[in-house]
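Structural characterization, general
Spelled out, the chains give:
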Amino acid sequence: MIQSIQPAEKLTGTLTPPPDKSISHRSAMFAALAEGQSVIENYSPAADPASTLSCLAALGVDLGRDGDRITVNGKGRKKLIKPAVMLDCGNSGTTMRLLSGILAGAGVDAVLTGDDSLSARTMKRIVEPLSQMGGSITAKSGEFAPLKISGHHGIRGMRYPLPIASAQLKSAVLLAGLYGEKPTEVVEAVPSRDHTERLLGLKSEPFGTGKVIRSSLSDEIPLQNYRVPGDFSAAAFWLVAGSVRPGSEIALKKCGMNPTRTGAYQILKLMGADIEVLNPGMAGSEPVADLVVRSTELKPVSPDPALVPNSIDELPVLMVAMCFANGISKITGAEELRHKETDRLDAMGKILKAAGADFELSEDGITIEGSPSFKPKPVQYPSFHDHRMAMAAAVMATAAGRESSVLDAECTAISYPDFWTHLSELSA
Ligand code: S3P
């Protein structure tokens, strides 16, 4: 689908961002591992969390869905069954990596596959530690899906210093650790998103600049009802659009505000963005708040690389914000962007080039010379079938002088099925 985007003089209105994708995946998996019935409210309607549900169903988990309400009858961590079909994780790295941790831990025979994008992403980072723990897991060429998991002779707990600040890797190891008598300890130097440890109530303690988190067979998997907060990563598109389009004011209701997710909020604040945080509260173990963004002239910023893991999914749209800032911004330490649904540094380079921005890519980041008077060219943007690329290009296009478009725009359904509707409502 080719989506046309009209220039938006300003963006105004109130909306609720879609339910958080990371928390949706985890709530379904953890409810499946608990013993008894859990209800998940506000489960994401997007394609990635749907992949998690269909994989769980294939593993024998009894699930019911009524709109955004999911009922899960968990049978306990050891009762997953060998699926009759391959587990199709679609486009979802979180589904593949977290489920691999669970299945390698449980020793369930299964094969996990994905779409072309997921099949080109490295899984070596999980295969290595899960094998060291005694899991039986192999990958195509040692690195790629399909992943084959089979029975094993027991999980050995281990101490694992995370070589990459990745919540998917951290979670895969901790979830396998739930099957070991001896504790698994994951040492994290730079904090990555902490939904797994929060939702499971895993023990952790500070360690240097980061923390050490433990899991073992003796950790009870809590039987609980979940309420998924709004996805901060989705809200970030509106925080940028509302900042850069003069005269804008957008209110975003019930956004997840977990500090390990809100690096983009901190970066935008450093840029001088006008974002008000209202009604802070909790949705279960996760902080939430309403946000109001009003347009303002942005300053350039060179974010501390320590903020990168907490803004990893928002960096593409932050690059759009940097095009409108008054001077030179520089992102470093973001090599991980090359390992997402597409190489997001390369893809953003193509999007910024098409828009006519002034920038230079490096191996681990980008330098952008922005200007508040920057006028993106009205062009047809590629999306690289990557939801976040399509949405970042759309935010850019709102500032063009004439109609622009985005190719393969249906990919936004991976995380944000209502994105195009919300864009037209806010632009009206
Ligand atoms: C996610 C973690 C991040 C993020 C992804 C979702 C998660 O990946 O990019 O969209 O739910 O744990 P990494 O942990 O590999 O950086």
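Residues numbered from 1 in each chain as written. Predicted model: local features only at pLDDT ≥ 70, side-chain atom pairs only at ≥ 80, totals over all residues. Heavy atoms only, no water.

1. Quick notes on the layout of surface pockets
Over the atoms a probe the size of a water molecule is rolled, and this reveals where empty space is left. Short version of the rule: With a 1 Å grid spanning the protein atoms alone, the term cavity applies to any set of points in which a 1.4 Å probe fits but cannot get out, the term pocket to an open set with protein on both sides within 12 Å along at least five of seven lines, and the term lining residue to any residue with an atom within 4 Å of a point. Grid points are joined across faces, edges and corners, and a volume is the space filled by probe spheres set on the points. Numbering of helices and strands starts at the N terminus; helices are DSSP runs of H or I of at least 4 residues and strands are runs of E of at least 2. Think of it as three bins: nonpolar holds Ala, Val, Leu, Ile, Met, Phe, Trp, Tyr, Cys and Pro, charged holds Asp, Glu, Lys and Arg, and polar takes everything else, Gly as well. Where each domain begins and ends follows an automated or database-derived domain assignment.
Its volume calculated, the largest pocket comes out at about 440 Å³. Of all the secondary-structure elements, those providing two or more residues to the lining of the largest pocket are helix 1 (21–33), helix 3 (93–106) and helix 6 (167–177). Residues belonging to the lining of the largest pocket are distributed by class as follows: seven nonpolar, nine polar and 15 charged. There are two domains that each give the lining of the largest pocket at least three residues, and those are domain 1 (3–19 + 229–427) and domain 2 (21–226).

2. Focus: the confidence of the model for the chain
To keep it simple, the criterion reads: On a scale of 0 to 100, pLDDT captures the predictor's confidence in every residue.
Averaged over all residues, the pLDDT of the chain is 98; the fraction at 70 or higher stands at 100%. Helix 10 (residues 315–323) holds the highest mean pLDDT among the elements of the chain, 99, whereas strand 12 (residues 203–207) holds the lowest, 96.

3. What about the sheet that holds strand 13 (residues 210–215)?
The test is simple: Here the rule is simple: two strands pair whenever DSSP picks up at least two bridges between them. Angles shown run from 0 to 180 degrees and are taken between the N-to-C directions of axes, each axis being a line fitted to C-alpha atoms and, for helices, limited to the stretch in contact.
Taken together, four strands build an open sheet; the order of strands is 10-11-13-12 and the sheet is mixed. The sheet is open, and its two edges are formed by strand 10 (159–161) and strand 12, each paired on a single side. Direction aside, the axes of adjacent strands within the sheet are offset by 20° on average. Pairing analysis gives three bridges linking strand 10 to strand 11 (residues 184–188), with the strands arranged parallel.

4. A short note on the packing of helix 3 against helix 6
The condition is simple: Orientation is classified from the angle alone, with under 35 degrees giving roughly parallel, over 145 giving roughly antiparallel, 65 to 115 giving roughly perpendicular, and any other angle giving oblique. Crossing chirality is assigned from the near helix's rotation relative to the far helix, an anticlockwise turn below a right angle marking it left-handed and a clockwise turn marking it right-handed. Contacts are assigned to residue pairs that have any heavy atoms within 4.5 Å of one another.
In contact at an axis separation of 7 Å, helix 3 and helix 6 are set at 20° when each is read in the N-to-C sense. Classified by the angle between their axes, helix 3 and helix 6 sit roughly parallel to one another. Here helix 3 and helix 6 pass one another in a crossing that is right-handed. Of helix 6, the residues touching helix 3 (which contributes Gly93, Thr94, Arg97, Leu98, Gly101, Ile102 and Gly105) are Gln168, Ser171, Ala172, Leu175 and Ala176. Broken down by class, the residue content of the contact of helix 3 with helix 6 amounts to five nonpolar, six polar and one charged.

5. As for the packing of aromatic side chains
Just so we agree on the cut-off: Pairing of aromatic side chains here covers Phe, Tyr and the six-membered ring of Trp, requires ring centres within 6.5 Å, and sorts the geometry by plane angle: under 30 degrees stacked, over 60 edge-to-face, intermediate tilted. Three exposure classes are used, based on accessible area relative to the maximum for each residue type with a 1.4 Å probe and protein chains only: buried under 20%, partly exposed in between, and exposed over 50%.
Under the defined criterion, the tally for this structure stands at six aromatic pairs. Between Tyr416 and Phe419, the ring centres sit 5.5 Å apart and the planes meet at 75°, which makes this aromatic pair edge-to-face. Neither residue differs from the other here; Tyr416 and Phe419 are each classed as buried. Given the relative accessible area of 0%, Phe419 is considered buried.

6. Here we look at the site of the ligand
So the rule is basically this: If a single non-hydrogen atom of a residue is within 4 Å of a molecule or strand, that residue counts as near it. Polar contact is defined as a pair of N or O atoms within 3.5 Å, subject to the rule that within protein one atom must be able to donate a hydrogen and the other to accept it, and that residues adjacent in sequence are counted only when both atoms are side-chain atoms. Method for areas: the Shrake-Rupley scheme with a 1.4 Å probe, in which residue coverage is limited to the protein chains shown. A cavity or pocket is said to hold a molecule if more than half of that molecule's atoms lie within 2 Å of its grid points.
Close to the ligand lie Ser22, Arg26, Thr94, Ser166, Ala167, Gln168, Arg193, Ile312, Asp313 and Lys340. Between the ligand and Ser166, the relevant distance is 2.9 Å, taken from an oxygen atom to a side-chain nitrogen or oxygen of the residue. Its free accessible area being 390 Å², the ligand has 95% of it covered by the protein chains. Assessed atom by atom at 2 Å from the grid points, the ligand resides in the largest pocket. Taken together, the elements giving at least two residues each to the shell around the ligand come down to helix 1 and helix 6. Its residues placed into classes, the shell around the ligand shows two nonpolar, four polar and four charged.

7. Re the pattern of salt bridges
Note the threshold: Counted as salt bridges are all cases of a side-chain nitrogen of Lys or Arg within 4 Å of a carboxyl oxygen of Asp or Glu.
Under the defined criterion, the tally for this structure stands at 26 salt bridges. Among the ionic pairs, Lys170 bridges to Glu188, the shortest N-O distance being 3.0 Å. Of the two residues, Lys170 sits in helix 6 while Glu188 sits in strand 11, which places them 18 residues apart along the sequence. Owing to a relative accessible area of 1%, Glu188 belongs among the buried residues under this scheme. Among the ionic pairs, Asp313 bridges to Arg193, the shortest N-O distance being 3.1 Å. Highlighted residues: Asp313 in the loop between strand 17 (286–294) and helix 10 and Arg193 in the loop between strand 11 and helix 7 (195–200), separated in sequence by 120 residues. By relative accessible area, Asp313 is classed as buried at 10%. Through salt bridges that share partners, Arg121, Arg193, Asp313, Glu341, Arg344, Asp386 and Arg388 make up one connected network.

8. A look at the nonpolar core
The following threshold applies: Nonpolar cores were defined as sets of buried Ala, Val, Leu, Ile, Met, Phe, Trp, Tyr and Cys residues, with membership established by side-chain atoms within 4.5 Å.
Core analysis: the biggest nonpolar cluster contains 75 residues, and Trp238, Leu252, Leu268, Met271, Met396 and Phe419 have the highest contact counts within it. When residues in this core are grouped by element, the largest group, 10 residues, is from helix 8 (residues 232–244). Sequence-distant contacts of Leu268, that is, excluding residues within four places in its chain, are made with Leu239, Val240, Ala273, Ile275, Leu318 and Ala321. Grouped together as the second largest cluster of nonpolar side chains are 60 residues, Leu53, Leu162, Leu202 and Ile213 included.

9. Description of helix 1
Test applied: Given the number of residues in a helix, its expected span is that number minus one, multiplied by 1.5 Å.
Compared with the 18 Å implied by 1.5 Å per residue over 13 residues, the 19 Å span of helix 1 between its first and last C-alpha is a close match. Among the 13 residues in helix 1, 13 count as buried, and that is most of the element. Its side-chain oxygen placed 2.9 Å from the backbone nitrogen of Ser22, Asp20 serves as the N-cap of helix 1.

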